[in-house]
Amino acid sequence: QVQVVESGGGLVQPGGSLRLSCAASGFMINIYHMAWYRQAPGKQRELVAELRNADSAPNYGDSVKGRFIMSRDYAKNMAYLQMNSLKPEDTAVYYCNANGDSEAGRVTGWGQGTQVTVSS
């Protein structure tokens, strides 16, 4: 199983920025896909951004296109989410997801979540 830990959440003013970090690890696992999801109270978990490998462009949810940037450090199995021009509707718990291949087959992991609150 992939171990996943997010960090970087907090309270920010509307229009401000935050950068989230995600660390993925596991025994003999090749991480080929990482993604950010978020879930606000009363809403379903939704995809924010995902990135497969260095030859792929990130895929973003419509609500964050032009404002958020996802990147990966492939050597360190890290993913980042740079969030700019934050809006109150971005308030949610943000979760990192990592998927990869182990000797036993496909594996996946989810982080515990990090709270992002956008409020004046």
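Residues numbered from 1 in each chain as written. Predicted model: local features only at pLDDT ≥ 70, side-chain atom pairs only at ≥ 80, totals over all residues. Heavy atoms only, no water.

### What to know about the state of the cysteines
So, step 1. This structure, assessed with the given rule, holds 1 disulfide.
So, step 2. A disulfide bridge connects Cys22 with Cys96, and the sulfur atoms are separated by 2.0 Å. Torsion about the S-S bond of the Cys22 and Cys96 cystine: about -85°, corresponding to left-handed handedness. Of this pair, Cys22 sits in strand E3 (residues 18-25) while Cys96 sits in strand E9 (residues 92-102), and the two are 74 residues apart along the sequence.
So, step 3. For Cys96, a relative accessible area of 0% translates into the label buried. (Disulfide = S-S within 2.5 Å. Helix = DSSP H or I, 4+ residues; strand = E, 2+ residues; numbered from the N terminus. Buried < 20%, exposed > 50% of the residue type's maximum accessible area, 1.4 Å probe, protein only.)

### Looking at the pairing of strand E10 (residues 105-110)
So, step 1. Bridge analysis of E9 against E10 gives 6 bridges, and the strand direction is antiparallel. Counted as the bridge partner of Asn97 is Trp110 from E10.
So, step 2. The antiparallel hairpin formed by E9 and E10 contains 2 residues in its connecting segment. (Pairing = 2+ DSSP bridges.)

### Side note on the packing of aromatic side chains
So, step 1. Throughout the structure, instances matching the rule amount to 1 aromatic pair.
So, step 2. Ring centres 5.1 Å apart and planes at 55° place the aromatic pair Tyr37 and Trp110 in the tilted group. Taken together, the positions of Tyr37 in strand E4 (residues 30-39) and Trp110 in strand E10 put the pair 73 residues apart, joining distant regions of the chain.
So, step 3. In this structure, Arg45 packs its charged tip against the face of Tyr95, placed 3.9 Å from the ring centre.
So, step 4. A cation sits over an aromatic face here: Arg45 above Trp110, 4.9 Å from the ring centre. (Phe/Tyr/Trp six-rings, centres within 6.5 Å; stacked < 30°, edge-to-face > 60°. Lys NZ or Arg CZ within 6 Å of the ring centre and 35° of its normal.)

### So, the sheet that holds strand E8 (residues 78-83)
So, step 1. Spatial strand order, E1-E3-E8-E7: 4 strands in an open sheet with antiparallel pairing. Looking at which strands have only one partner, the edges of the open sheet turn out to be strand E1 (3-7) and strand E7 (68-73). Taking each pair of neighbouring strands and ignoring which way they run, the sheet shows an average axis angle of 15°. (Axes fitted to C-alpha atoms, helices over the stretch in contact; angles between N-to-C directions.)

### Remarks on the environment of Ser21
So, step 1. Considering the arrangement of structural elements, one finds Ser21 in strand E3.
So, step 2. A relative accessible area of 16% means that Ser21 is categorised as buried.
So, step 3. Between the C-alpha atom of Ser21 and that of Gly10, which follows or precedes it by 11 residues, the distance is 12 Å.

### Quick notes on the side chain of His33
So, step 1. Inspection of the secondary structure puts His33 in strand E4.
So, step 2. Accessibility expressed as a relative area gives 16% for His33, which makes it buried.
So, step 3. Here Glu50 takes part through its side chain, which lies 2.9 Å from a polar atom of the side chain of His33.
So, step 4. Here His33 is in contact with Glu50, Leu51, Arg52, Arg72, Asn97, Ala98 and Asn99, once residues within four sequence places are set aside. (Polar contact = N/O pair within 3.5 Å; in protein donor to acceptor, adjacent residues only side chain to side chain. Contact = heavy atoms within 4.5 Å.)

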